[in-house]
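Report on the structure
What follows is the residue order along each chain.
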Amino acid sequence: MSSHILVIRLSAMGDVAMTVPVLRAFSLQYPNVKITVVSRPFFKPFFDDIENITFFPIDLKERHKGFLGLLRLFSDLQKLNITAVADLHNVLRSKIIRTLFALNGKNVAATDKGRQDKKTLTKLEIKTISPTKTMFARHCETFEKLGFQINLNNPTFPEKAILSEETINITGKKEANWTGIAPFAQYESKVYPMDLMQQVIDELAKNTSNKILLFGGGSEEIKQLNQLKNNHKNVFVLAGKTNLKEEIAIISNLNVMLSMDSGNAHIAAMLGVKVITLWGATHPFSGFQPFYQPDDFSLTSDRKQYPFLPTSVYGNKKVAGYENAMRTILPSQVIEKINSNLT
């Protein structure tokens, strides 16, 4: 019987994007194995260009809502003749689904999130830190438990997308370097101060052969992005003007993406774009450094001045006295790193 693996990764944009390089490598290395990815419908465009992948949208609002909905989801998935389950989410919902498959004799494996390692990394004390295992390596281990070794050493990335006329009407044709900037993150402790980001954008905009595209979403973010635009003719606010599929196409055409520790960093990285990330309360050693990016592309806050860093894995913990940690990343450092990679 041919193999058909069910991959579960239900939510969180950055986390879903981090599965893409692993699944792309799997698809190339095991072209005869079918994969069905279960996730929220919103994330389908992440997987559109990968061979052998079928996307199954979970309906958490109606059909698959609650415990009875999970039983219906299991029933729906059973019809696909699944032979193994890779649970890359490892939360209550996904545990229930994989347990039901295990009870039906299927081979199942789940990603170990390394919670203890991350807890040690973020202890509120002066400490020596070292990298924890990346989430990409952890996902590969999950597939290894199912009998599939994945090599991520020489990744393949998709071709740059051909932009639609509708998208070109927003961005213009690509006749210069495109720098993407995604200045927001889920938590405040991961967001570079707006006055410093303004300095970065103002300086980059002085180079008229550089087009700067600002990413975000929601009315409050759009308001802030329009302030950051600051009347520069070569700075464009994309927030609220494109859907996810169009945004992915635009990001694939960037020369460089500047992002916080956030989903946009992982979307750009899964497309093979150079990604420069800024880290506040969090740190690339937590395993969330964007895929296949040099270490020096991660600009971190000063641990001499703020020795408890990192103080959080996800940025959701606030530590008194550490509110200004990101101010130790100087705009000049950010500008230099971007300019040196605009080729």
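Quick summary incoming for the structure in this document. Quick caveat, the model's predicted, so the values are computed rather than measured.

1. Overview of unusual backbone geometry
- Residue Leu-309 is joined to Pro-310 through a cis peptide bond whose omega torsion reads -10°.
- Inspection of the secondary structure puts Pro-310 in the loop between strand E11 (298–300) and helix H11 (331–339).
- Backbone geometry at Asn-230 places phi at a positive 55°, although glycine is not the residue there.
- Examined against the element boundaries, Asn-230 turns out to sit in the loop between helix H8 (219–229) and strand E8 (235–237).
- At Tyr-292, a position not held by glycine, the phi torsion is positive, near 60°.
- Relative to the helices and strands, Tyr-292 is located in the loop between strand E10 (274–279) and E11.

2. Describing the pattern of salt bridges
- Inspection of the entire model under this criterion finds 14 salt bridges.
- A salt bridge links Lys-44 to Asp-48, with the nearest nitrogen and oxygen atoms 2.9 Å apart.
- Note on Lys-44: relative accessible area 40%, which makes it partly exposed.
- Overall, Asp-48 belongs to the partly exposed group, its relative accessible area being 36%.
- Ionic pairing is found between Arg-138 and Asp-117, a salt bridge with its closest N-O pair at 3.6 Å. Of the two residues, Arg-138 is situated in helix H5 (residues 135–145) and Asp-117 in helix H4 (residues 115–121); the sequence distance between them amounts to 21 residues.
- Overall, Arg-138 belongs to the buried group, its relative accessible area being 3%.
- For Asp-117, a relative accessible area of 42% corresponds to the partly exposed category.
- Overlapping salt bridges bring together Lys-44, Asp-48 and Lys-245 as one network.

3. Digging into the layout of surface pockets
- Looking at the largest pocket, its volume works out to about 710 Å³.
- Met-13, Gly-14, Gln-186, Ser-262 and Gly-263 are the residues nearest the centre of the largest pocket, which is lined by 29 residues in total.
- Sorting the residues of the lining of the largest pocket by element identifies helix H1 (13–29), helix H9 (244–252) and helix H10 (263–270) as the ones contributing at least two each.
- For the lining of the largest pocket, the class distribution of residues is 14 nonpolar, ten polar and five charged.
- Size it by volume and the second largest pocket reaches roughly 370 Å³.
- Glu-188, Ser-189, Tyr-322, Glu-323 and Asn-324 are the residues nearest the centre of the second largest pocket, which is lined by 17 residues in total.
- Of the residues that constitute the lining of the second largest pocket, the class distribution is eight nonpolar, four polar and five charged.

4. Some points on the packing of helix H7 (residues 194–205) against H8
- H8 packs onto H7 with a crossing angle of 45° between their chain directions and a minimal axis gap of 9 Å. Here H8 runs oblique to H7, going by the angle between their axes. At the point where H7 passes H8, the crossing takes the right-handed sense. Along the contact surface, H7 presents Met-194, Met-197, Gln-198 and Ile-201, while H8 presents Gln-224, Gln-227 and Leu-228.
- Of the residues assigned to the contact of H7 with H8, the class counts are four nonpolar, three polar and no charged.

Each value, and the rule that gives it
- Residues numbered from 1 in each chain as written.
- Predicted model: local features only at pLDDT ≥ 70, side-chain atom pairs only at ≥ 80, totals over all residues.
- Heavy atoms only, no water.
- Helix = DSSP H or I, 4+ residues; strand = E, 2+ residues; numbered from the N terminus.
- Salt bridge = Lys/Arg side-chain N within 4 Å of Asp/Glu carboxyl O.
- Buried < 20%, exposed > 50% of the residue type's maximum accessible area, 1.4 Å probe, protein only.
- 1 Å grid on protein atoms, 1.4 Å probe; cavity = no way out; pocket = protein on both sides within 12 Å on 5 of 7 lines; lining within 4 Å.
- Points joined across faces, edges and corners; volume = space filled by probe spheres on them.
- Nonpolar A, V, L, I, M, F, W, Y, C, P; charged D, E, K, R; others polar.
- Axes fitted to C-alpha atoms, helices over the stretch in contact; angles between N-to-C directions.
- Parallel < 35°, antiparallel > 145°, perpendicular 65-115°, else oblique.
- Left-handed = near helix turned anticlockwise from the far one by under 90°.
- Contact = heavy atoms within 4.5 Å.

So, to be careful, I would describe these as geometric facts and stop short of saying anything about function.
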